[in-house]
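Per-entry structural report
Spelled out, the chains give:
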Protein chains: 2
Amino acid sequence: MSLRHSVLGLLVIQPSTGYELAQRFDRTLRNAWHASHSQIYPELAKLQEEGMVEVVGEGARRSRTYAATERGRQELVRWMTEEEPVRTQRNETAVRWFLLALVPPQARRAPLEREIAYTSAELADLEDIEAGMSAEQPFRPTVELALRMNAVMLDWLKEQLNRS
Amino acid sequence: MSLRHSVLGLLVIQPSTGYELAQRFDRTLRNAWHASHSQIYPELAKLQEEGMVEVVGEGARRSRTYAATERGRQELVRWMTEEEPVRTQRNETAVRWFLLALVPPQARRAPLEREIAYTSAELADLEDIEAGMSAEQPFRPTVELALRMNAVMLDWLKEQLNRS
DNA sequence: GTTGACATGTAACAAGTTACATGATTGA
DNA sequence: TCAATCATGTAACTTGTTACATGTCAAC
């Protein structure tokens, strides 16, 4: 269950409301983990009960801003250093790319062009994020990795298109 | 639900028993989708009921070999070309790499070395697979993509280690 | 004969999605 | 005042995991 450690990590980086966390999952963890608000709110309640997070502010529209506690920060480091990673992945896009060879060549163009459009947009997005980041930002390396991976993917997709 | 189309795809590539499918998920779809036998067997039963797969042979130990039917093949192509891809991903390894910056530099070496070991092994594996593949194999491009991505990841991990 | 891989299945539980529900605030 | 976005929550359902259960076959 990476949900709890993703939430914990996001809150260590920056205190947020549940609503903001849902957005941050979609923006900064897009290519790593997905969580919707219906999962986030109950998880925040559980984490609070366990003393891993606390409410540090209340705003408009009954919103509560949560932050990780010292205990939460320690739990995150423990998880990162001591717990054996679960290597199972779920990525429908990767499944589709793998199965591309099974689509007859004439029908391959459409899905390939769709994937090229998607990946180009992702790449452009990452370039914008990188451009707005100072060199010392602790998360810059993560963006750089995503950037390199997306560039490799886009190249590959274009090669596949040229061959069909 | 990519389970059904992953199963369908694997069976189009090569007829298999449920047991073999479980192994193929772990080998060839490692970085795309995971499924365990307790999910595969009921899914095969459902796919058979719907005429997407059929039993093409029975072997030792009450094993049944399934293959995709024409209907199954058509459904797979329909899914690949017409259905809007679900872009949500779940990848604990990616979450961990993202959160690396939150681990104090002194504690970062251990997880980084573990990830380097893991990624090197994956890369070596992929190189073996590629070496045993003829140039015309329809799935060679997929292996090449995985190879390039793993190379990028390994480079990145080594950079991170050098910086900490 | 016994260990390990092959082979299939179900049940209980946990995690994740979709749909339902409600209300506040902002800006056009 | 109306629509969009902010904001939180729960319920029903689907998907996925872990544990339980059983039996076959080959090699040592």
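Predicted model only: the values in this text are computed from it and were never measured.

1. Describing the environment of Arg108(A)
Residues and elements named next belong to chain A. As for its placement among the helices and strands, Arg 108 is situated in helix α6 (residues 105-131). Classification of Arg 108 as buried rests on a relative accessible area of 18%. Note: C-alpha distance between Arg 108 and Ser 164 (56 residues apart in sequence) is 7.1 Å. Once you skip the residues sitting within four places of it in the chain, Arg 108 turns out to touch Leu 100, Ala 101, Val 103 and Ser 164. At 3.4 Å, the side chain of Arg 108 forms a polar contact with the backbone oxygen of Ala 101.

2. With respect to the relation of the copies chain A and chain B
The transformation that overlays chain A on chain B combines an axial shift of 0.0 Å with a rotation of 180°, and the residual RMSD is 0.0 Å. Overall, the copies show the geometry of a two-fold rotation axis. Scanning chain A for the C-alpha nearest the rotation axis identifies Arg90(A), at a separation of 2.5 Å. Of the interface residues in chain A, 100% have counterparts in chain B that sit at the interface too, so the contact is made through matching surfaces.

3. What to know about the nonpolar core
Counting residues in each nonpolar core, the largest one holds 91 residues, and the members touching the most others are Val7(A), Leu11(A), Phe25(A), Val7(B), Leu11(B) and Phe25(B). In this structure, Val7(B) is in contact with Leu21(B), Phe25(B), Leu44(B) and Leu47(B), ignoring residues within four places of it in sequence.

4. As for the packing of aromatic side chains
How two aromatic rings sit relative to each other is given by the distance of their centres and the angle of their planes. Within the structure shown, the criterion is met by four aromatic pairs over all chains. A centroid spacing of 5.8 Å and a plane angle of 20° characterise the contact between Trp97(A) and Trp156(A), whose relative ring orientation is stacked. With a gap of 59 residues between them, Trp97(A) in helix α5 (residues 92-99) and Trp156(A) in helix α7 (residues 140-162) connect regions that are remote in the sequence. Pair check on accessibility: Trp97(A) and Trp156(A) agree, each one buried. The ring of Trp33(B) is capped by Arg90(A), whose NZ or CZ atom sits 5.4 Å from the centre of that ring. Here the basic side chain of Arg87(B) rests over the ring of Tyr118(A), its NZ or CZ set 3.7 Å away from the ring centre.

5. Let's talk about the protein's contact with DNA strand C
Inspection of the region around DNA strand C gives 20 residues, with Ser38(A), Gln39(A), Tyr41(B), Arg64(B) and Arg90(B) positioned closest. Backbone atoms, meaning sugar plus phosphate, form 69% of the atoms of DNA strand C positioned within 4 Å of the protein. The side chain of His37(B) places a nitrogen or oxygen atom 2.8 Å from a base oxygen of DNA strand C. Here a phosphate oxygen of DNA strand C and a side-chain polar atom of Arg90(B) are 2.6 Å apart. Those elements that place two or more of their residues in the surface near DNA strand C are α3 (37-49) of chain A together with α2 (18-28) and α3 (37-49) of chain B. A per-class count over the surface near DNA strand C returns five nonpolar, ten polar and five charged.

6. A closer look at the pairing of strand β2 (residues 64-68) of chain A
Residues and elements named next belong to chain A. When strand β1 (residues 53-58) meets β2, the two strands line up antiparallel, connected through five bridges. From the neighbouring strand, Glu 54 faces β2, where its bridge partner is Ala 67. Hairpin geometry of β1 and β2 is characterised by an intervening segment of five residues between the two adjacent antiparallel strands and by a positive phi of about 55° at Arg 61.

7. Regarding the protein's contact with DNA strand D
In the vicinity of DNA strand D there are 21 residues, among which Tyr19(A), Arg64(A), Arg90(A), Ser38(B) and Gln39(B) approach most closely. In DNA strand D, atoms within 4 Å of the protein come from the sugar-phosphate backbone in 70% of cases. Contributing elements (two or more residues each) for the surface near DNA strand D: α2 (18-28) and α3 of chain A together with α3 of chain B. Taken together, the residues of the surface near DNA strand D sort by class into five nonpolar, ten polar and six charged.

8. Some words on the side chain of Ser6(A)
Within the fold, Ser6(A) resides in helix α1 (residues 3-13). You can call Ser6(A) buried: its relative accessible area is 1%. Once you skip the residues sitting within four places of it in the chain, Ser6(A) turns out to touch Phe25(A), Leu29(A), Trp33(A) and Val95(B).

Cut-offs and rules
Residues numbered from 1 in each chain as written. Chains lettered and ligands numbered in written order. Predicted model: local features only at pLDDT ≥ 70, side-chain atom pairs only at ≥ 80, totals over all residues. Heavy atoms only, no water. Helix = DSSP H or I, 4+ residues; strand = E, 2+ residues; numbered from the N terminus. Buried < 20%, exposed > 50% of the residue type's maximum accessible area, 1.4 Å probe, protein only. Contact = heavy atoms within 4.5 Å. Polar contact = N/O pair within 3.5 Å; in protein donor to acceptor, adjacent residues only side chain to side chain. Least-squares fit on C-alpha atoms with pLDDT ≥ 70 in both. Core = buried A, V, L, I, M, F, W, Y, C linked by side-chain atoms within 4.5 Å. Phe/Tyr/Trp six-rings, centres within 6.5 Å; stacked < 30°, edge-to-face > 60°. Lys NZ or Arg CZ within 6 Å of the ring centre and 35° of its normal. Near = heavy atom within 4 Å. Nonpolar A, V, L, I, M, F, W, Y, C, P; charged D, E, K, R; others polar. Pairing = 2+ DSSP bridges.

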